[in-house]
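# Architecture and fold: a report
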Amino acid sequence: MTIFLRNRRAGAAATATALALASLAALAGTATPASASGRATASGPAATATALAPDSAAGSKSASPAASASPASGDPAAPAALTLPRPTGPYATGRDTLFLTDHERTDPWVPAAGPRRLLVSLHYPAHPGSGGGPAPYMPEAEARLMLAQRGLDDPEWPGLVAATRTFSRTDARPAPGRFPLVLLSPGFGTPRATLTGLAEELASRGYVVATADHPYESTGTELPDGRVLTCAACDEVAAQPDDAGRRKVLAAVSAGRAADFSFLLDRLTGPRPAWRHARTIDARRVGMAGHSIGGNAAASTMAADRRVDAGVNMDGTFFDPVTARGLDGRLFLMLGTDPGHAPGAGDTSWDESWTRLDGFKRWLTVRDSGHFTFTDTPAIGEQLGIVDPDAPLSAARSTTITRAYVTAFFDRSLRGRPARLLDGPTPAHPEVLFQRP
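Here the structure is a predicted model, which is why all the values come from computation and not from measurement.

Scoring rules and cut-offs
Residues numbered from 1 in each chain as written. Predicted model: local features only at pLDDT ≥ 70, side-chain atom pairs only at ≥ 80, totals over all residues. Heavy atoms only, no water. Helix = DSSP H or I, 4+ residues; strand = E, 2+ residues; numbered from the N terminus. Buried < 20%, exposed > 50% of the residue type's maximum accessible area, 1.4 Å probe, protein only. Contact = heavy atoms within 4.5 Å. Disulfide = S-S within 2.5 Å. Pairing = 2+ DSSP bridges. Right-handed = clockwise from strand over helix to strand, strands pointing away. Core = buried A, V, L, I, M, F, W, Y, C linked by side-chain atoms within 4.5 Å. 1 Å grid on protein atoms, 1.4 Å probe; cavity = no way out; pocket = protein on both sides within 12 Å on 5 of 7 lines; lining within 4 Å. Points joined across faces, edges and corners; volume = space filled by probe spheres on them. Nonpolar A, V, L, I, M, F, W, Y, C, P; charged D, E, K, R; others polar. Axes fitted to C-alpha atoms, helices over the stretch in contact; angles between N-to-C directions. Parallel < 35°, antiparallel > 145°, perpendicular 65-115°, else oblique. Left-handed = near helix turned anticlockwise from the far one by under 90°. Phe/Tyr/Trp six-rings, centres within 6.5 Å; stacked < 30°, edge-to-face > 60°. Lys NZ or Arg CZ within 6 Å of the ring centre and 35° of its normal. pLDDT = per-residue confidence, 0-100.

## Observations regarding the overall build of the protein
If you tally the helices and strands in the protein, you get 11 helices and 15 strands. The burial tally for the protein puts 59% of its 437 residues in the buried class. Across the protein, the fraction of contacts at a sequence separation of at least 24, relative to all contacts at a separation of at least 6, is 77%.

## Points about the state of the cysteines
The full count for this structure, using the stated rule, is 1 disulfide. Here Cys231 is linked by a disulfide to Cys234, with a sulfur-sulfur distance of 2.0 Å. Judged by the torsion about the S-S bond (75°), the Cys231/Cys234 disulfide is right-handed. Of the two residues examined, Cys231 and Cys234, each falls in the buried class.

## Digging into the pairing of strand β6 (residues 179-185)
Within β6, 7 of the 7 residues are buried, leaving the element largely enclosed by the surrounding structure. Relative to strand β10 (residues 281-291), β6 runs parallel, the two sharing 6 bridges. Bridged to Leu184 within β10 is Ala289. Bridging between β6 and strand β7 (residues 208-213) involves 4 bridges; their strand directions are parallel. Counted as the bridge partner of Leu181 is Val208 from β7. Where the polypeptide runs from β6 across helix α5 (residues 196-204) and back to β7, its parallel neighbour, the crossover connection is right-handed.

## Some thoughts on the nonpolar core
Counting 40 residues, the largest nonpolar core has Val120, Leu181, Leu183, Leu264, Leu268, Trp275 and Phe332 as its most contacted members. If you look at the next biggest cluster of nonpolar residues, it comprises 31 residues, including Leu195, Ala199, Tyr405 and Ala408.

## Comments concerning the layout of surface pockets
Considered as a void within the structure, the second largest pocket measures approximately 260 Å³ in volume. Listing elements by their share of the lining of the second largest pocket, those giving two or more residues are β3 (92-106) and β5 (168-170). By residue class, the composition of the lining of the second largest pocket is 8 nonpolar, 8 polar and 3 charged.

## Digging into the environment of Thr365
Here Thr365 shows up in strand β13 (residues 361-367). Counting along the chain gives 26 residues from Thr365 to Pro339, while the straight-line C-alpha distance between them is 7.4 Å. Look past the residues within four positions of Thr365 in its chain and what remains in contact with it is Gly336, Thr337, Asp338, His341, Ala342, Glu431, Val432, Leu433 and Gln435.

## Remarks on the packing of helix α7 (residues 243-269) against helix α8 (residues 293-304)
Where α7 meets α8, the closest approach of the two axes is 8 Å, and the angle between their N-to-C directions is 55°. Overall, the two elements α7 and α8 adopt an arrangement that is oblique. Handedness of the α7/α8 crossing: right-handed. Residue-level contacts link Leu250, Val253, Ser254, Ala255, Arg257, Ala258 and Phe261 of α7 to Ile293, Gly294, Asn296, Ala297, Ser300, Thr301 and Ala304 of α8. The residue inventory of the contact of α7 with α8, partitioned by class, reads 8 nonpolar, 5 polar and 1 charged.

## Digging into the packing of aromatic side chains
Going through the model one piece at a time under the given rule, you end up with 8 aromatic pairs. On the numbers, 5.6 Å between centres and 85° between planes, the contact of Tyr91 with Phe179 is edge-to-face. With a gap of 88 residues between them, Tyr91 in the loop between α2 (65-68) and β3 and Phe179 in strand β6 connect regions that are remote in the sequence. Between Tyr207 and Phe410, the aromatic rings sit 6.5 Å apart at their centres with planes inclined by 55°, giving tilted as the arrangement. Pair noted here: Tyr207 is in the loop between α5 and β7 and Phe410 is in helix α11 (residues 395-415), with a separation of 203 residues, a long-range link. Comparing Tyr207 with Phe410, the two get one shared label, buried. One aromatic cluster is present, built from ring pairs that chain together Phe318, Phe332, Trp350, Trp354 and Trp363. Over the aromatic face of Phe167 sits the side chain of Arg165, whose NZ or CZ is 4.8 Å from the ring centroid.

## Remarks on the pairing of β3
Pairing between β3 and strand β4 (residues 115-126): 12 bridges, direction antiparallel. By the bridge assignment for β4, Arg95 is matched with His123.

## With respect to the confidence of the model for the protein
Predicted confidence across the protein gives a mean pLDDT of 86, with 82% of residues reaching 70 or more. The low-confidence segment residues 1-76, where pLDDT is below 50, has 186 contacts with residues more than four positions distant or belonging to other chains.

## Examining the environment of Pro176
Structurally, Pro176 is set in the loop between β5 and β6. Using a relative accessible area of 63% as the deciding quantity, one classes Pro176 as exposed.

Set out below in structure tokens:
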């Protein structure tokens, strides 16, 4: 993979960027991940289950002086601000954050840390004009660790990425009604913030969206008290002597996320919900999507929890295979790169899973795409001047395609709406190929 930086000084930084983005694809795909700044250590007593005031904890630390600073001297092309694509649905969107502790499970990667904890972003349809300012994108500490792991060492970039403009308001009043719930899981080593654009789009179209960070599975997860947990699971994968060992650990990651989401469903839809706006969730209609190993986790969660009605795997290897008995007729979408995830292209887990899916299913691949096409990475990367010639699909097309097909799938599976987009190829999206092995 070769990466070029538009309008930026050549040299060591560009070389580091090329190497880092190549390793990033390996980290979230099928190869061995690099260590994320060392093995995480136990972080003291686990906090009790907490529903944060709207984005008042980890998110409130996102603002950075660098985010509003002028471009660096001698580098006039450096962006002054970054922004996500604007959602296209009819609803305004709000965002809350939950910090939850599952006292019935010990953290699988750092047992000394105590109970398993989750940080969850909740995007939801909101009354227009209500709420405070735009919700922060990610804490600067998380942005710094994420970029450093990828070799992106420009000192201004962590602040810029952390302060990326979102379109959801904190403390917004929910729109009236009850809405289907969509769970989102990020790629391995990747913060939950990288699925914000998709979460905002779905919320603007009438879904409540819960995106979870899985501690010790990301380059950095900042807790409400300011402590930052790094990627112990990445180190566990890297410590394996062979590919079979790595795949076994990654299968455990996916299965563990299924347990995370079952716990989260209990806390969102149970008799004593943790979220103050839980009444807006229609618990009879639940879907899940994920990127990379988060996509595998969608299938793992469906296998473990009948409450999840439909799933989407965005370019993730099925390290934890779809069971031989299938998913009890529930619906599933596989959306991946082309040719990387085309039939017979190398990731045989997709060929195997396709034969086991026993309900409505679609296998779509996207020409000119890359592993991170289905996240916020293309939109943010283009604004930072990052060009990947191995994935020439533009950020605009990446965003449009991901939004269109994921939304169409959930409209069909959770709302029973016609979704002609899933019937076959369309001139509006010539990059999308329907695979029928």
